[in-house]
Amino acid sequence: MFDYLIIGSGLAGMAMAETLQSRGHRICVFDDSSRQASLVAAGLYNPVVLKRLNLTWEGGRLMDFSIPFYQRLQEKLGGSFDEKLPILRRFASAEEQNAWFEAADRPGLSRFLSPRLLRNDNPGLDAPFGFGEVLETGRLHTAKLLTAYRSLLHRQGALRAESFDHGSLRLYGEEVAYGDIKSRYVVFCEGFGMRANPFFRYLPLQGSKGELLTVRIPGLGEGRIIKSGVFLIPEGNDRYRVGATYGRNDFSPEPTPAAREELTRKLGHILKVDFEVENQSAGIRPTVPDRRPLAGRHPEHPRLLALNGMGSRGVLLAPYAAACLADFVESGTPLPPEIDLARYGKFYGKSPG
Ligand SMILES: Cc1cc2nc3c(=O)[nH]c(=O)nc-3n(C[C@H](O)[C@H](O)[C@H](O)COP(=O)(O)OP(=O)(O)OC[C@H]3O[C@@H](n4cnc5c(N)ncnc54)[C@H](O)[C@@H]3O)c2cc1C
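Along each chain, the written sequence defines residue order, and numbers are assigned to residues from 1. Local features in a predicted model are, by the rule used here, given only for residues with pLDDT of at least 70; side-chain atom pairs are given and counted only at 80 or more, and totals for whole chains, interfaces and linings are based on all residues.

So, about the overall build of the protein. The number of helices and strands found in the protein is seven helices and 21 strands. Taken over C-alpha atoms, the radius of gyration comes to 21 Å for the protein, in line with the 20 Å a tight globule of 353 residues would show. Each principal axis of the C-alpha atoms in the protein carries an extent, and together these give about 65 × 45 × 40 Å. Numbering goes from the N terminus for both helices and strands, where a helix is a DSSP run of H or I of at least four residues and a strand is a run of E of at least two. We compute the radius of gyration from the C-alpha atoms alone; for a globule the expected value is 2.2 Å times N to the 0.38, where N is the number of residues.

What follows is the structure, encoded as structure tokens:
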């Protein structure tokens, strides 16, 4: 008898699994490798919306909760996944500089926005108005972390590399059964795959396709993350990742020529040197109209739970939302209303009858 079956081992499923295991629960994780968002993600963590210069939902709290979570995981797994890297927001004008310094004075934001103007010292970058630096930021190497975590689950005998068939799940008062497996709960952490989940597909998961390039820029020698129209993320050996796009209509897993064109065009705006595209990757972000996670219990089947809707900020959101869900189920602590999936009624988006 397990305490929890967890469906999915992307950032959400991994955070759920680790949270529950660290609290002594018996878990079994299913993953069929059908979804790639967490594996291709750039992995940046940054609590500031750089376009509007405001904090993301619970920005400071997420940083205080989720970054130590990954540090504990590094110690547990014996790897290095969290790379501290400053994000430099490139200014396009004097007005943008002024807006930055005003924002850097605001409570909450002052912790994360440096009040110093950084002049451009890299001749390969086109940045006549300089940069503003976001503090405490970095990059989580998600593919490396998730691979290490799946290996740990495998060694524990807690990973089943197979598709979970929703139709084979049997629900009883005090438990669920799946073939010969019994468990107290199932937590669905399927990312965009939730659209095929008959229990939770009523929730408004929209999806946003994201694409990234890997480029070679010989001689640029930039070691910080540069944010202009796109992010430029150093990988070492003259290689950088460039992204990402936000597509609303195409949910195919393949990279597209249109995204490649958009990203190379935007990259061209910030570079004074040549570059060469080496690779392109794509994934579907599980996005929700109000841009908040979906955590909680099915309205009719209390043994079924969901953790989803991480959108474009899975790195910071997943550990915190997983802890909120575990507190809710185990101790009855109410979920923050902003992430409680109960904010969407059971028949949300469906016509009556
Ligand atoms: C190009 C791109 C760049 C991004 N950059 C960033 C970034 O810099 N910072 C950031 O914080 N976020 C970023 N994101 C967003 C981030 O990737 C997502 O928020 C996050 O990965 C969502 O995680 P998830 O676990 O909910 O979903 P997923 O990663 O999609 O994981 C779901 C898992 O469930 C499995 N699954 C689904 N259905 C079943 C089933 N029936 N049976 C078994 N297994 C199943 C899938 O195989 C998959 O492994 C980016 C996303 C993209 C696409």
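For each residue, a C-beta position is placed from the backbone atoms; the residue is near a molecule or strand when that point lies within 6 Å of it. As a matter of local geometry, the ligand sits amid 43 residues, with G8, G10, G191, G210 and G314 nearest to it. Taken together, the elements giving at least two residues each to the shell around the ligand come down to α1 (11-22), α2 (37-40), β15 (208-216), β19 (276-285) and α7 (314-331). When residues are sorted by character, Ala, Val, Leu, Ile, Met, Phe, Trp, Tyr, Cys and Pro go into the nonpolar class, Asp, Glu, Lys and Arg into the charged class, and all the rest, Gly among them, into the polar class. Considering only residue class, the shell around the ligand consists of 18 nonpolar, 18 polar and seven charged. Formed jointly, the shell around the ligand draws a minimum of three residues from each of two domains, domain 1 (2-43 + 143-206 + 290-343) and domain 2 (86-136 + 208-285). Each domain's limits were defined by an automated method or a database of domain assignments.

On to the domain arrangement of the protein. By a widely used convention, the size of an interface equals the accessible area lost when the partners come together. You can read the domains of the protein as domain 1 (2-43 + 143-206 + 290-343) and domain 2 (86-136 + 208-285). The distance between the C-alpha centroids of domain 1 and domain 2 comes to 31 Å. Residues are scored as being in contact if the C-beta atoms we place from backbone atoms lie within 7 Å. On the domain 2 side, the residues contacting the nine residues of domain 1 number 13 residues. The residue inventory of the side of domain 1 that touches domain 2, partitioned by class, reads five nonpolar, four polar and no charged.

A few words on the packing of α1 against α7. Interaxial angle, 0 to 180 degrees, is taken between N-to-C directions of lines fitted to C-alpha atoms, where a helix line uses only the stretch in contact. As a packed pair, α1 and α7 sit with axes 8 Å apart at the nearest point and diverge in direction by 40 degrees. Taken as axis vectors, α1 and α7 run oblique relative to one another. Every pair of crossing elements has a handedness; the one defined by α1 and α7 is right-handed. For the pair α1 and α7, the contacting residues are L11, A12, A15, M16, T19 and L20 in the first and G314, V315, A318, P319, A322, A323 and A326 in the second. Partitioning the contact of α1 with α7 into residue classes produces 11 nonpolar, two polar and no charged. Roughly parallel here means an angle under 35 degrees, roughly antiparallel means over 145, roughly perpendicular means 65 to 115, and every remaining angle is called oblique. For any pair of crossing helices, the crossing counts as left-handed if the nearer helix is rotated counterclockwise from the farther one by less than a right angle, and right-handed if it is rotated clockwise.

Residues enter a nonpolar core if they are buried, belong to Ala, Val, Leu, Ile, Met, Phe, Trp, Tyr or Cys, and are joined to the set through C-beta atoms within 7 Å. Comment: burial labels come from other C-beta atoms within 10 Å of the residue's own C-beta, placed from the backbone, where a count of 20 or more is buried, 12 or fewer is exposed, and between is partly exposed. Ranked by internal contacts, the top residues of the largest apolar core, which has 102 residues, are I6, M16, V187, A295, L307 and A321. Looking at this core, the element that brings in the most residues is α7, giving 12 residues. Looking at this core, you find at least three residues from each of domain 1 (2-43 + 143-206 + 290-343) and domain 2 (86-136 + 208-285). Those residues in contact with L307, other than ones at most four positions away along the chain, are A12, M16, V187, C189, A295, A321, A322 and L325.

Moving on: the packing of helix α3 (residues 59-77) against α7. Relative to each other, α3 and α7 sit at 90 degrees, their axes nearing to 8 Å. Here α3 is positioned roughly perpendicular relative to α7, judged by the angle of their axes. Residues L62, M63, F65, S66 and F69 of α3 form the contact with α7, whose participating residues are L316, L317, P319 and Y320.

Residue placement: L335 occurs in the segment after α7. The exposure class of L335 is buried, given the 20 C-beta atoms found within 10 Å. Considering only alpha carbons, one finds L335 and C324, 11 residues apart in sequence, at a separation of 6.0 Å. Look past the residues within four positions of L335 in its chain and what remains in contact with it is A295, G296, C324, F328 and D340.

Right, let's get into the sheet that holds strand β18 (residues 239-243). Note on pairing: two strands pair once DSSP finds at least 2 bridges between them. On the basis of which strands lie adjacent, the open sheet formed by eight strands has the order β8-β9-β7-β16-β17-β18-β15-β19 and mixed pairing. Both outer strands of the open sheet, β8 (113-118) and β19, are each paired with one neighbouring strand and no more. The mean inter-strand angle of the sheet, taken between neighbouring strand axes irrespective of direction, is 25 degrees. Sheet topology places β8 next to strand β9 (residues 131-134); three bridges connect them, and they run antiparallel. Within the sheet, the bridge partner assigned to L113 lies in β9 and is V134. Of the strands in this sheet, β7 (87-90), β15, β16 (225-227), β17 (231-236), β18 and β19 touch helix α6 (residues 257-270), which is tilted by about 55 degrees from β15.

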